[in-house]
Amino acid sequence: MTILNFDVIIIGGGLAGLTSAINLAKAKSKVLLIEKHTYPKHKVCGEYVSNEVLPYLESLGFNPFEFGAKMISNFELTTHNNKSISANLPLGGFGMSRYEMDFQLYKLALKNGVEVFSDTVSNVNFEGDMFHVETKLNRILNSKIVIGAFGKRSNLDIKFQRKFITKKAPYLGVKIHVSGDFPEDKVALHNFKGGYCGVSKVENDCINLCYITDFEAFKKYKDIDTFQNEVLFNNSALKALFKNSKPEFEKPLTISQISFETKNPVENHIIMCGDTAGMIHPLCGNGMGMAIRSAQLASHLIIDYLQGKIKTRETLESEYVKHWKKTFNLRLKVGHTIAYLFRQDWLAPKLLRLLSWFPFLIPQIIKMTHGKPMTVK
Ligand SMILES: Cc1cc2nc3c(=O)[nH]c(=O)nc-3n(C[C@H](O)[C@H](O)[C@H](O)COP(=O)(O)OP(=O)(O)OC[C@H]3O[C@@H](n4cnc5c(N)ncnc54)[C@H](O)[C@@H]3O)c2cc1C
C-alpha cells in the first residue's frame, strides 16, 4: 500500500477546512483536504454571513457577489406575540447558500493546488512527531500537521472521546429554500415558543427559512408540518412566509443533536477550527464568520511553524489556544447568555419588549457577538 505524505492534512471540507486549505496552499504548503461528502451539497444553515470575513475571503480570491450573493444591511426581529423591531446591522453581511459557497471554495482550493479526497477519516494517530491518518477507503496518509475542521459533531469526536460528546445536545435544526417575496437586503429573526427562524435571501432569488428549536418541545408533535402549523405559525410573519411561498426542496433538511458545549481548540495535537473548536449559538448569525476567522488564525501560525519561525509544536499549539481564546471567548459567552435568556419563556417576551422600546440596543448586542473586519496579512 502506498503511503502519501503531506505538510498539512485537513479533515472536513466546510468553510473552516476549505479556507484554511486555500490559505496554506497559497503559502506553498502541500495540503490534503478530506471531505466525506461530495460537492455541491445543501447544509442546514441560516446562510447569513457576517461581512467581517469579506476582506479575508477576497484576499483568498473569493468574491461572493460574483456568484449572486445578496448584500444584507437591515435586521428585523419579531416576537411570539407579533411585535416587530427593526434595526440597521452595524457591519452587515451577505446571503449565500452553502451549496454554492462551499462548492465555489472547493473549486478555488483545487485551482490553488489543494489535493481533495472524497473519503471519511476514521482515525488519527500522533507518533514520532508525525500524524498518521486512516480513512474508510483504507488510505494511509502522513502529515506534519492535522487541522480538525469536521464540524459540530462527527464520528471523530466519539473516536477521540471528546468531553462534549457525552453531554446533552438538545437542539434540532430545520432548513428549506423557498421562492416568494422577501427583501434582498434584510435578515429577519422570527421568534416562536421554543425557538426562532432566520430568514434571508441567497443567490438565485431563493429565500432561506432556517429554524432551530428545542428537541423536547418538537417531540410533542407528530411531524414537521404539525409542529410548524401549531407552533411556528402563531408568529404571523412566519405563517405568511411559509404559506405564500413555494418550496424549492422536496422536503426540509434537518439535523439533530446540536450542542453548544465548550470544546478545546487543540486536542491530541490536532489544531481544531470552526465548529470543531467551539460553536456559537446560531441566533448570533456568526458561526460561519468564526469558522473562517479561526481558519485564518490557524493557517498563519501553521505557516510560521512550517517555515521555522515558530520553533516547536508546543509553541504552535499554545499560541493557537491563546489567540483562539482572545478572539472568540467573549463572543461565545455573550452568544450563549443571549440564547439562554431568550430560552426562558417568562423572560423572553419582557426582553423583546425592552428591545422594542430601546431599538438602539440591538446593534450594540450584535457588535458584541461579531468581530471587526478581518485584517489581511
Ligand atoms: C440551524 C443553524 C443555523 C445556522 N445559521 C447560521 C447563520 O445564519 N450564519 C452563520 O454564520 N452561521 C450559522 N450557523 C453556524 C454555521 O453553520 C457553522 O458555524 C459553520 O457551518 C461551521 O463551519 P465548519 O467548517 O466548522 O463546519 P461544517 O460546515 O459543518 O463542515 C464540516 C465538514 O466536515 C465533514 N466531516 C465530518 N466528519 C468527517 C470525517 N470524519 N471525515 C471527512 N469529513 C468529515 C462534514 O461532511 C462537513 O462537510 C448555523 C448553524 C445551525 C445549526
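If you're wondering where the values come from, they're calculated on a predicted model, not measured in any experiment.

Asker: So what exactly am I meant to see when it comes to the pairing of strand 1 (residues 3–11) here?
Answerer: Look at any regular strand and the pattern is simple: side chains alternate between the two faces of the sheet. With 8 bridges joining them, strand 1 and strand 9 (residues 140–148) adopt parallel strand pairing. Across the sheet, the residue bridging to Val 8 is Ile 145, located in strand 9.

Asker: Where do I start with the packing of helix 1 (residues 15–26) against helix 8 (residues 287–306) in this structure?
Answerer: A pair of packed helices can be characterised by two numbers: the angle between their axes and the separation between those axes. The geometry of helix 1 relative to helix 8 is characterised by a closest axis approach of 8 Å and an angle of 30 degrees between their N-to-C directions. Relative to helix 8, helix 1 is oriented so that their crossing is right-handed. Residues Leu 15, Ala 16, Thr 19, Ser 20, Asn 23 and Leu 24 of helix 1 touch helix 8, and the partners they reach there are Met 288, Ala 291, Ile 292, Ser 294, Ala 295, Gln 296, Ala 298, Ser 299, Ile 302 and Ile 303. For the contact of helix 1 with helix 8, a count of residues per class yields 10 nonpolar, 6 polar and no charged.

Asker: How do you make sense of the site of the ligand when you look at a structure like this?
Answerer: Residues in close proximity to the ligand total 40 residues, the closest being Gly 12, Gly 14, Gly 46, Gly 274 and Gly 287. Where the shell around the ligand is concerned, the elements lending two or more residues are helix 1, strand 2 (31–35), strand 3 (48–50), helix 4 (155–159), strand 13 (207–214) and helix 8. The leading source of residues in the shell around the ligand is helix 8, at 4 residues. Residues that form the shell around the ligand fall into these classes: 18 nonpolar, 18 polar and 4 charged.

Asker: How do you make sense of the packing of helix 8 against helix 9 (residues 313–343) when you look at a structure like this?
Answerer: Put simply, helix 8 and helix 9 touch, their axes get as near as 10 Å, and they point 155 degrees apart. Of the possible angle classes, the one that applies to helix 8 and helix 9 is roughly antiparallel. Crossing hand, helix 8 versus helix 9: right-handed. Packed against helix 8, whose contacting residues are Met 290, Arg 293, Ser 294, Leu 297, Ala 298, Leu 301 and Tyr 305, the element helix 9 presents Leu 316, Glu 319, Tyr 320, His 323, Trp 324, Thr 327 and Phe 328 at the interface. Along the lines of polarity and charge, the residues of the contact of helix 8 with helix 9 split into 9 nonpolar, 3 polar and 2 charged.

Asker: Got a minute to help me understand the environment of Ala 240 in this structure?
Answerer: Relative to the assigned elements, Ala 240 resides in helix 7 (residues 236–243). Sequence separation between Ala 240 and Lys 220 is 20 residues, and the spatial gap between their C-alpha atoms is 24 Å.

Asker: Would you take a moment to explain unusual backbone geometry for this structure?
Answerer: Most peptide bonds take the trans form, and the phi angle of most residues other than glycine is negative. For the bond running from Tyr 39 to Pro 40, omega is -10 degrees, close enough to zero to count as cis. Summarising the element assignment, Pro 40 is placed in the loop between strand 2 and strand 3. With a phi angle near 55 degrees, Gln 257 is a residue other than glycine that sits in the positive phi range. Phi at Asn 268 takes a positive value of approximately 50 degrees, unusual for a residue other than glycine. Topologically, Asn 268 is positioned in the loop between strand 16 (266–267) and strand 17 (270–272). Overall, the presence of 17 C-beta atoms within 10 Å leaves Asn 268 in the partly exposed class.

Thresholds, definitions, all that
- Per chain, residues are indexed from 1 in the order of the written sequence.
- Given that the model is predicted, a residue must reach a pLDDT of at least 70 before its local features are reported, and side-chain atom pairs must reach 80 or more before they are shown or counted; all residues, however, enter totals for whole chains, interfaces and linings.
- Two strands qualify as a pair provided DSSP detects at least 2 bridges between them.
- Under the DSSP-based scheme used, a helix requires at least four consecutive residues in state H or I and a strand at least two consecutive residues in state E, with every element numbered from the N terminus.
- Axis definition: a line fit to C-alpha positions, over the contact stretch in the case of helices; interaxial angles, taken between N-to-C directions, run 0 to 180 degrees.
- What makes a crossing left-handed is the near helix being turned counterclockwise from the far one by less than a right angle; a clockwise turn instead makes it right-handed.
- The contact criterion used is a C-beta to C-beta distance within 7 Å, with each C-beta placed from the backbone.
- Each residue is assigned to one of three groups, with Ala, Val, Leu, Ile, Met, Phe, Trp, Tyr, Cys and Pro labelled nonpolar, Asp, Glu, Lys and Arg labelled charged, and all others, Gly among them, labelled polar.
- The C-beta atom of each residue is placed using the backbone, and any residue whose C-beta lies within 6 Å of a molecule or strand is treated as near it.
- By definition in this entry, angles of less than 35 degrees are roughly parallel, angles greater than 145 are roughly antiparallel, angles of 65 to 115 are roughly perpendicular, and the rest are oblique.
- Any residue surrounded by 20 or more other C-beta atoms within 10 Å of its C-beta is treated as buried, while 12 or fewer makes it exposed and the intermediate range makes it partly exposed; C-beta atoms here are placed from the backbone.

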